[in-house]
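Geometric and topological summary
So you can see what is in the structure, the chains are spelled out below.
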Amino acid sequence: MTARWTTAVLDTDQPGGMAVARSPEGFLFDDNGALFPREWLKRQDLSILAEHGIGHLDGESVHLLELRSASEVPGCSWKGLRAFMLEGDHTIYKVLGYAAQIGTWAREHRFCGNCGQPMTQVPRERAMYCQPCDLRSYPRISPSMIVLITRGDEILLARSPRFVTGVYSTLAGFAEPGESAEECLIREVREEVQIEVKNIQYMGSQCWPFPHSMMLGFHAEYAGGEIVCQEDEIEDAQWFNVHDLPPLPASKSIARYLIDVYVARRLGHAEPVLPG
Ligand SMILES: NC(=O)C1=CN([C@@H]2O[C@H](COP(=O)(O)OP(=O)(O)OC[C@H]3O[C@@H](n4cnc5c(N)ncnc54)[C@H](O)[C@@H]3O)[C@@H](O)[C@H]2O)C=CC1
Ligand SMILES: [Mg+2]
Ligand SMILES: [Zn+2]
């Protein structure tokens, strides 16, 4: 089976194809979704900050119009990426997730970080370029560790003050320069709940375009310590029995996958598949 969506660096001088428009208020959509005929979209009253050719969907080229602000387009509204993830077709979410990361990068790399002069788009490469500095800036990806810690029938879940009321999830945190994935995981777990872990096992990864995380998922076993929650970051953390779990994260997230795999193993059920 061929993939419906493949990324590519397309020439913006070539006309035609489809396009998505992204503003600080999300993606433009109408009754047919978030993809529009590109030439029609460019005739609307949009304040275009940058245009990037991003790939092919079902054989058609797709471009991104990154906008300064959200403007009125008759019959259309704006909607954030998270809503597309929760409600929509997974392939469309992948297109929009990629578009969002390219848009964030294009918006934040218009000027050279070294000399402050405007940068230009490199043809056929996903890079912004400053000629005087001979400096290229590529889209940023932030590696983040995410781990389910278990103790027999119990799993450790925590709440950030940012979560939806009642929801508990696995621990997560960004890698810092100088550390391996495992060192990051051990540090994050110590910082957030003061627990020690052992038998760290890699489970899989997921792109998390909010705004540019690359989630590396692990399972680890409890090795010692009592839960002490990190001030401001962790509102509550508890051991939950696999038979009595609180509200959990969205089903497409790797956090939910890590939990579901372990629960399935304990209960002898079929294991879920990690959404890409
Ligand atoms: N897909 C999933 O299932 C889940 C994804 N996540 C994601 O994992 C990531 C990390 O989780 P958190 O607990 O929020 O991280 P964290 O425990 O490292 O704390 C967040 C703090 O890290 C710092 N920070 C922000 N961006 C950073 C970057 N790019 N590099 C280094 N430090 C940075 C800031 O001080 C921020 O307040 C987030 O993007 C979050 O959305 C978290 C849980 C579930
Ligand atoms: Mg964290
Ligand atoms: Zn420069």
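See the structure printed just above.
Here's what I pulled together on the structure shown here. This is a predicted model, so every value here is computed, not measured.

1. As for the coordination of the magnesium ion (ligand 2)
For a metal with four tetrahedral donors the ideal donor-metal-donor angle is 109.5 degrees, whereas six octahedral donors ideally subtend 90 or 180 degrees. Protein coordination at the magnesium ion (ligand 2): the donors are Ala 172 (O) and Glu 192 (OE), at 2.1 to 2.2 Å from the metal. Remark: Glu 192 occurs in helix α4 (residues 181-193) and Ala 172 occurs in strand β13 (residues 171-174); sequence separation between them is 20 residues.

2. What to know about the packing of aromatic side chains
Per the counting criterion, the structure on display carries 8 aromatic pairs. With a centroid separation of 6.2 Å and an interplanar angle of 90°, the aromatic rings of Phe 27 and Phe 84 are classed as edge-to-face. Taken as a pair, Phe 27 in strand β3 (residues 26-29) and Phe 84 in helix α2 (residues 81-87) lie far apart in primary sequence, 57 residues in all. Residue classification places Phe 27 among the buried residues on the basis of a relative accessible area of 1%. With relative accessibility at 8%, the residue Phe 84 sits in the buried group. Among the aromatic residues, ring-to-ring pairing joins Phe 27, Phe 29 and Phe 84 into one connected group. Geometry around Phe 84 places Lys 79 over its ring, the cationic atom sitting 4.6 Å from the centre. In this arrangement the basic side chain of Arg 82 is found over the ring face of Phe 210, its NZ or CZ atom lying 4.4 Å from the centre.

3. Quick look at the side chain of Arg 22
One can find Arg 22 in strand β2 (residues 18-23). For Arg 22, the contacting residues outside a window of four places in its chain are Phe 27, Leu 64, Leu 65, Glu 66, Leu 67, Trp 78, Ala 100, Gly 103, Thr 104 and Arg 107.

Criteria and cut-off values
- Residues numbered from 1 in each chain as written.
- Chains lettered and ligands numbered in written order.
- Predicted model: local features only at pLDDT ≥ 70, side-chain atom pairs only at ≥ 80, totals over all residues.
- Heavy atoms only, no water.
- Donors = N, O, S within 2.8 Å, 3.2 Å for Na, K, Ca; no water.
- Helix = DSSP H or I, 4+ residues; strand = E, 2+ residues; numbered from the N terminus.
- Phe/Tyr/Trp six-rings, centres within 6.5 Å; stacked < 30°, edge-to-face > 60°.
- Buried < 20%, exposed > 50% of the residue type's maximum accessible area, 1.4 Å probe, protein only.
- Lys NZ or Arg CZ within 6 Å of the ring centre and 35° of its normal.
- Contact = heavy atoms within 4.5 Å.

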